[in-house]
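Okay, here's what each chain looks like letter by letter:
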Amino acid sequence: MTTKPTTIADLARIAGVSKSTVSRALNGSALIGVETRERIQALAGEHGFQMNAAAQRLSRGQSRVVGLNAKGKPDMFMLEMMSGITSGLHELGYELLVLQGDFDEPGWARGYVDSGRADGFVLLSAACTPKQISLLVESGVPFVLWGASSPKNEYSSVTGDSLTGGRIAAAHLLEIGRRHLAFVGGPTWAREVAERLEGFTEAHRLAGLEPDLAAIVHLPWSDAEAGAARAVQELLGRRPEIDGVVANSDRFAIGVMEGVRAAGKRVPEDVAVVGYDDIAIAAYTNPPLTTIRQDGPLAGRLLARTLVQRLETGAVTAVSIPAELIVRESA
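Treat the numbers as computed from the prediction; the structure is a model and nothing was measured.

A few points about the packing of helix H10 (residues 224-238) against helix H11 (residues 250-262)
And then number 1: The geometry of H10 relative to H11 is characterised by a closest axis approach of 7 Å and an angle of 40 degrees between their N-to-C directions. With respect to H11, the axis of H10 lies oblique. The handedness of the crossing between H10 and H11 comes out as right-handed. Contacts between H10 and H11 involve Ala224, Glu225, Ala228, Ala229, Val232, Gln233 and Leu236 on the former and, on the latter, Arg251, Phe252, Gly255, Val256, Glu258, Gly259, Val260 and Ala262.

Side note on the nonpolar core
Across soluble globular proteins, nonpolar side chains show a tendency to be buried alongside one another.
And then number 1: Judged by nonpolar contacts, the single largest core of 43 residues is most densely connected at Val184, Phe252, Val256 and Val273.
And then number 2: Listing elements by their share of this core, those giving two or more residues are helix H8 (162-175), strand S6 (181-185), helix H9 (191-206), H10, strand S8 (244-247), H11 and strand S9 (272-277).
And then number 3: The dominant element in this core, judged by the number of residues it contributes, is H10, at six residues.
And then number 4: If near-sequence neighbours (up to four positions away) are discounted, Val184 is found in contact with Val217, Leu219, Ala228, Val232, Val245, Val246, Ala247, Asn248, Phe252 and Val256.
And then number 5: Core analysis: the second largest hydrophobic core is formed by 25 residues, Ile85, Val122, Ile279 and Leu311 among them.

Some points on the packing of aromatic side chains
And then number 1: Using the criterion set out here, one finds seven aromatic pairs in the structure.
And then number 2: Of the aromatic side chains, those joined through ring pairs into one cluster are Trp108, Tyr112 and Phe121.
And then number 3: Its end group placed over the ring of Tyr94, Arg64 keeps NZ or CZ at 4.2 Å from the ring centre.

Observations concerning unusual backbone geometry
A negative phi holds for most residues other than glycine; trans holds for most peptide bonds.
And then number 1: For the bond from Val267 to Pro268, the omega torsion is 5 degrees, close enough to zero to count as cis.
And then number 2: As for its placement among the helices and strands, Pro268 is situated in the loop between H11 and S9.
And then number 3: Following Asn286, the chain continues to Pro287 via a peptide bond in cis, the omega torsion being -5 degrees.
And then number 4: Tracing the chain through its elements places Pro287 in the loop between S9 and strand S10 (290-293).

Focus on the side chain of Asp10
And then number 1: Here Asp10 shows up in helix H1 (residues 8-15).
And then number 2: Separated by 2.4 Å, the side chains of Asp10 and Arg13 make a polar contact.

What about the pattern of salt bridges?
And then number 1: Taken as a whole, this structure holds 15 salt bridges when the rule is applied.
And then number 2: We note a salt bridge from Arg110 to Asp114, for which the minimum N-O separation is 3.3 Å. With Arg110 and Asp114 both in helix H6 (residues 108-114), this residue pair falls four residues apart, about one helical turn.
And then number 3: By relative accessible area, Arg110 is classed as partly exposed at 29%.
And then number 4: Note on Asp114: relative accessible area 54%, which makes it exposed.

Examining the sheet that holds strand S2 (residues 95-99)
And then number 1: Strand order in the open sheet formed by six strands is S2-S1-S3-S4-S5-S11, with parallel pairing between adjacent strands. Both outer strands of the open sheet, S2 and strand S11 (318-321), are each paired with one neighbouring strand and no more. Strand-to-strand, the axes of this sheet are offset by a mean angle of 20 degrees, without reference to chain direction.
And then number 2: Two strands pair when backbone bridges link them, and strand S3 (residues 120-124) and strand S4 (residues 143-146) are joined in this way by four bridges, in the parallel orientation. Within S4, the residue paired with Leu123 across the bridge is Leu145.

A short note on the confidence of the model for the protein
And then number 1: Of the residues in the protein, 92% have a pLDDT of 70 or more, and the chain-wide mean is 88.
And then number 2: At the level of individual helices and strands, the protein shows its lowest average pLDDT in helix H4 (residues 53-60), which scores 46, and its highest in S8, which scores 98.
And then number 3: Taken as a whole, residues 53-60 scores under 50 in pLDDT and shows eight contacts with residues more than four places along the chain or in a different chain.

Quick word on H1
And then number 1: Taken residue by residue, H1 has Ile8, Asp10, Leu11, Ala12 and Ala15 as its buried positions.
And then number 2: At the C-terminal side of H1, Gly16 shows a positive phi close to 75 degrees.

Concerning the packing of H1 against helix H2 (residues 19-26)
And then number 1: Contact geometry for H1 and H2: axes closest at 8 Å, N-to-C directions at 100 degrees. Regarding the angle of H1 to H2, the classification is roughly perpendicular. Contact residues: H1 offers Ile8, Ala9, Leu11 and Ala12, while H2 offers Lys19, Val22, Ser23 and Leu26.
And then number 2: By residue class, the composition of the contact of H1 with H2 is six nonpolar, one polar and one charged.

Considerations on the sheet that holds strand S12 (residues 324-326)
Note: strands within a sheet are paired through backbone hydrogen bonds, in either parallel or antiparallel orientation.
And then number 1: Spatial ordering of the open sheet is given by S7-S6-S8-S9-S10-S12, a layout of six strands whose pairing is mixed. Of all strands in the sheet, those bounded by a partner on one side alone are strand S7 (216-218) and S12. The sheet shows a mean angle of 20 degrees between the axes of neighbouring strands, taken without regard to direction.
And then number 2: Across three bridges, S8 lies against S9 in parallel orientation. Residue pairing in the sheet places Gly244 in a bridge with Ala272 of S9.
And then number 3: Across the sheet, H11 lies against S6, S8, S9 and S10, angled at about 160 degrees from S9, the strand it touches most.

Cut-offs applied
- Residues numbered from 1 in each chain as written.
- Predicted model: local features only at pLDDT ≥ 70, side-chain atom pairs only at ≥ 80, totals over all residues.
- Heavy atoms only, no water.
- Axes fitted to C-alpha atoms, helices over the stretch in contact; angles between N-to-C directions.
- Helix = DSSP H or I, 4+ residues; strand = E, 2+ residues; numbered from the N terminus.
- Parallel < 35°, antiparallel > 145°, perpendicular 65-115°, else oblique.
- Left-handed = near helix turned anticlockwise from the far one by under 90°.
- Contact = heavy atoms within 4.5 Å.
- Core = buried A, V, L, I, M, F, W, Y, C linked by side-chain atoms within 4.5 Å.
- Buried < 20%, exposed > 50% of the residue type's maximum accessible area, 1.4 Å probe, protein only.
- Phe/Tyr/Trp six-rings, centres within 6.5 Å; stacked < 30°, edge-to-face > 60°.
- Lys NZ or Arg CZ within 6 Å of the ring centre and 35° of its normal.
- Polar contact = N/O pair within 3.5 Å; in protein donor to acceptor, adjacent residues only side chain to side chain.
- Salt bridge = Lys/Arg side-chain N within 4 Å of Asp/Glu carboxyl O.
- Pairing = 2+ DSSP bridges.
- pLDDT = per-residue confidence, 0-100.
- Nonpolar A, V, L, I, M, F, W, Y, C, P; charged D, E, K, R; others polar.

This is the structure:
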């Protein structure tokens, strides 16, 4: 008479695989092959094996929970990305915990891991400073960062191609005959802002032009729409010749269009506007927004998969998603 398997180790012996392979198979992890996963799941059903999930997590020192730093008010792109993170983690047998803590405290992440509340973290570069990233690297906890890769391969990352995005946004405006462009971006310390501005500058130089440094505006993330509207209205008062604007996000672009109208000008007849992200509302602004598309849900799923790969294999990887120009009526 065959003894019914009661532990993962028992089932691993029957299947002839490691305990970690059994655990991943029973959690539906995509990190092992479909054939292996289905064979182990079939064996578990055949032997009436039921995994005690809480006991398994305790024995492995894992919570199968991932923390997301989301301090501040989330914008629509972040919400679209969060939907992808949640679905991606669910497919891999993990759950998402949204955090609103003090990320300047050196031990905050280690506290979550050591207490078993989270295994690792997803960070959004727009919601954390370089200092906060450095603290996490020093703590040794696993994390993946959206928006900025690690030059020393110290952490996993998923990024958009911001350099190309900034270049094709400005190049589009130059190609439709606009010659006096402004750039409205986020804070100077944000790498994605710096890369988009670099692309903006590169497009000018490829066209034999120099960007107007007095037409480059940096604003905090928290003041996107209202701040961009005020800044552009003031900028057009000083630089009435401006006929095109590249905005660092669609939120900034919506504010830019309000500022253009407040200055007594029209979009796109007088000032053409290109945004960035292609959030759902971009197609329904007035006029519909020309923008650089980043697929938020795809980025979220890639963040989930990249972090789980780091947690389960130790691999540190960098993934990039392409930037694509979506032409609508604003430019």
